[in-house]
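Geometric and topological summary
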Amino acid sequence: MKILLAPDKFKGSMDAPQVCQAMADGIRMVSPEIEIVSLPMADGGEGTLDLLLWYSDGIKKKAKVHDPLGRIIEAEYGISADKKTAFIEMATASGLGLLKADERNPLKTSTFGTGEIIKLVIEAGVENIILGIGGSATNDAGIGMAHALGWQFFDENKQNLEPIGENLMKITKIIPPQHFSVNINVSVACDVTNPLFGENGAAFVYAPQKGADAKMVTQLDAGLQNIDKIFERDFGRKLANLSGTGAAGGLGFGTMAFLNATLKEGVKLLMDFCDFDKNLKDVNLIITGEGKIDNQTLQGKLIKGITDRANKANIPIAAICGTLSVSPQELQQIGIKYATSILNSPMTLDDALKYGHEGVRNATYYLVNLLHHSKRK
């Protein structure tokens, strides 16, 4: 018997590799002869950087960069063991969590700090960058990032513009770097499909949560339209209507425009990175899971990404979780054959979080023990 483990984290209790370990402990209680493949998962958001480092035996590093309002901070990024791939989460340098509530203003914020990290790893000689762009505090279409890489943005008076959201509307000329080129592969974890501008674009959908009022939203949207027009005129590429260009305040657009990046769903990017499909060979069962399986899970992309691959390969998939609040019919819709909660008695949240390892281990044991003995018969 061969079992593939592909869980997400149990938030507040265990990270994804620890969930895999608990599941593996349960399987070994059944039989040490069962083959186990552990592929911990994430959806491109929180925890993705750590998992990429886990898969690549990489190390976490720190760099002094500018935050969304231009203050010096220390931001984390990662480098793979072979030093060929860098892992960056833009939120560590340009994220909303770096600002107090009264500091949020997408007219004034910039992705410059994210660009500083990108420049740093390029100069270090990496061949690939994997960039997560969730949790941004910005709406600058990536001009801050680009400015850190040497791009310049000028107004009608040929004045060099500060790369912030309110200046998007003033751009009349874009000049690429003179002595800095980006000849690497850049993959962007992007789970939204919004275009750059319009009613479904970056400003109207996301700028309000970053501190924008109605007037600011209109101003930012006009700026996004302007940079798209200028970029198309100067470089002959029309990007604004492509899926995901509106992500992270238009950073999706910026990575495509200034880095020639490829945008991918976070879970698909991670699955490709760990050779998920190759690891399906001869697998009899996939076990996934996360802290809570609910309607949000059904609408999300992590479990669905895994079940899509499992169903395509005709491999049954089971799920183990802390809280299970969907019906059997709903589970069937996404292809999960079996699901169970690890909670077998009433307990407080604190106790449930502490019980995570034991609960996942036991639930996995009960499931695999039944299947193992049924198979032997």
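What comes next is a walk through the structure. Computed from a prediction, not measured in an experiment: that's the story for all the values here.

With respect to the overall build of the protein
Counting secondary structure elements, the protein contains 14 helices and 13 strands. For a compact globule of 377 residues, the expected C-alpha radius of gyration is about 21 Å, and the protein comes in at 23 Å, within 12% of that figure. When the 377 residues of the protein are sorted by exposure, 52% land in the buried category. Within the protein, contacts between residues separated by at least 24 positions form 70% of all contacts whose residues are at least 6 apart in sequence. As displayed, the protein offers around 17300 Å² of accessible surface, 47% of which is attributable to carbon and sulfur atoms. Charge-centre separation for the protein: the mean point of 39 positive side chains lies 3 Å from the mean point of 43 negative side chains.

With respect to the sheet that holds strand 5 (residues 85–89)
Taken together, 6 strands build an open sheet; the order of strands is 3-4-5-6-9-10 and the sheet is mixed. The strands lining the two open edges of the sheet, one partner per strand, are strand 3 (59–66) and strand 10 (262–264). For this sheet the average axis-to-axis angle between neighbouring strands, irrespective of direction, equals 25°. Bridge analysis of strand 3 against strand 4 (residues 72–79) gives 8 bridges, and the strand direction is antiparallel.

Regarding empty space enclosed by the protein
In total, this model carries 1 cavity of 30 Å³ or more according to the counting rule given. Roughly 70 Å³ of volume is contained in the largest cavity. As for the largest cavity, its lining consists of Gly44, Thr48, Leu49, Leu52, Phe87, Ile88, Glu89, Ile130, Leu131, Gly132 and Ala189. Looking at the lining of the largest cavity, the elements that each hand over two or more residues are helix 2 (48–56), strand 5 and strand 6 (128–132). For the lining of the largest cavity, the class distribution of residues is 7 nonpolar, 3 polar and 1 charged.

Section: the packing of helix 7 (residues 214–235) against helix 8 (residues 247–259)
Packed helix pairs are characterised by how far apart their axes lie and by the angle those axes make with each other. For the pair helix 7 and helix 8, the least separation of the axes is 12 Å and the interaxial angle reads 10°. By the angle class used here, helix 7 and helix 8 are roughly parallel. From helix 7, Leu224, Ile227, Asp228 and Phe231 reach across to helix 8, where they touch Gly249, Phe253, Ala257 and Phe258. Residues of the contact of helix 7 with helix 8, tallied by class, amount to 6 nonpolar, 1 polar and 1 charged.

Here's the deal with helix 9 (residues 266–273)
Each turn of an α-helix holds 3.6 residues, which means side chains three or four residues apart point in the same direction. Listing the buried residues of helix 9 in full gives Gly266, Val267, Leu269, Leu270 and Met271. Tucked into the core, helix 9 has its buried residues touching helix 2, strand 6, strand 9 (185–189), strand 10 and helix 11 (302–312). Trailing helix 9 by a residue or two, aspartate 275 shows a phi angle of about 55°, which is positive.

Quick look at the packing of aromatic side chains
Summed over the entire model, instances satisfying the criterion amount to 9 aromatic pairs. On the numbers, 4.8 Å between centres and 65° between planes, the contact of tryptophan 151 with phenylalanine 258 is edge-to-face. Taken together, the positions of tryptophan 151 in the loop between helix 5 (143–148) and strand 7 (152–154) and phenylalanine 258 in helix 8 put the pair 107 residues apart, joining distant regions of the chain. An aromatic cluster is present here, built from Trp151, Phe153, Phe231, Phe235, Phe253 and Phe258 joined pairwise through their rings.

As for the pattern of salt bridges
Enumeration according to the criterion identifies 14 salt bridges in this entry. Here lysine 268 makes a salt bridge to glutamate 265, at a shortest N to O gap of 3.9 Å. On the basis of relative accessibility, which here comes to 40%, the residue lysine 268 falls in the partly exposed class. Assessed through its relative accessible area of 27%, glutamate 265 is described here as partly exposed.

Brief notes about the layout of surface pockets
Rolled over the atoms, a probe with the dimensions of a water molecule shows which regions are left empty. Within this model, the largest pocket holds a volume of roughly 1300 Å³. The wall of the largest pocket is formed by 44 residues, among which Asp8, Lys9, Lys11, Asp43 and Gln296 lie closest to the centre. For the lining of the largest pocket, the secondary-structure elements that each account for two or more residues are helix 8, strand 11 (285–293), helix 10 (295–299), helix 11, strand 12 (317–324) and helix 13 (349–354). Of the pockets and cavities examined, the second largest pocket occupies roughly 300 Å³. Every residue lining the second largest pocket is counted, 21 residues in all, and those nearest its centre are Lys9, Asp15, Glu46, Gly47 and Asp50. Those elements that provide at least two residues to the lining of the second largest pocket are helix 1 (16–30) and helix 2. It is helix 2 that provides the largest number of residues to the lining of the second largest pocket, a total of 4 residues.

Considerations on the nonpolar core
Ile118, Ile129, Ile133, Phe153, Ile171, Ile227 and Phe258 are the most contacted members of the largest nonpolar core, which totals 57 residues. The element contributing the most residues to this core is helix 8, with 8 residues. If you look at the next biggest cluster of nonpolar residues, it comprises 39 residues, including Val37, Leu280, Ile336 and Ala339.

Thresholds applied
- Residues numbered from 1 in each chain as written.
- Predicted model: local features only at pLDDT ≥ 70, side-chain atom pairs only at ≥ 80, totals over all residues.
- Heavy atoms only, no water.
- Helix = DSSP H or I, 4+ residues; strand = E, 2+ residues; numbered from the N terminus.
- Rg over C-alpha atoms; globule rule 2.2 N^0.38 Å.
- Buried < 20%, exposed > 50% of the residue type's maximum accessible area, 1.4 Å probe, protein only.
- Contact = heavy atoms within 4.5 Å.
- Areas by Shrake-Rupley, 256 points an atom, 1.4 Å probe, with all protein chains shown as cover.
- Lys, Arg positive; Asp, Glu negative; His and termini not counted.
- Charge placed at Lys NZ, Arg CZ, Asp CG, Glu CD.
- Pairing = 2+ DSSP bridges.
- Axes fitted to C-alpha atoms, helices over the stretch in contact; angles between N-to-C directions.
- 1 Å grid on protein atoms, 1.4 Å probe; cavity = no way out; pocket = protein on both sides within 12 Å on 5 of 7 lines; lining within 4 Å.
- Points joined across faces, edges and corners; volume = space filled by probe spheres on them.
- Nonpolar A, V, L, I, M, F, W, Y, C, P; charged D, E, K, R; others polar.
- Parallel < 35°, antiparallel > 145°, perpendicular 65-115°, else oblique.
- Phe/Tyr/Trp six-rings, centres within 6.5 Å; stacked < 30°, edge-to-face > 60°.
- Salt bridge = Lys/Arg side-chain N within 4 Å of Asp/Glu carboxyl O.
- Core = buried A, V, L, I, M, F, W, Y, C linked by side-chain atoms within 4.5 Å.

From the geometry alone we can't say anything about function, so treat these as descriptive.
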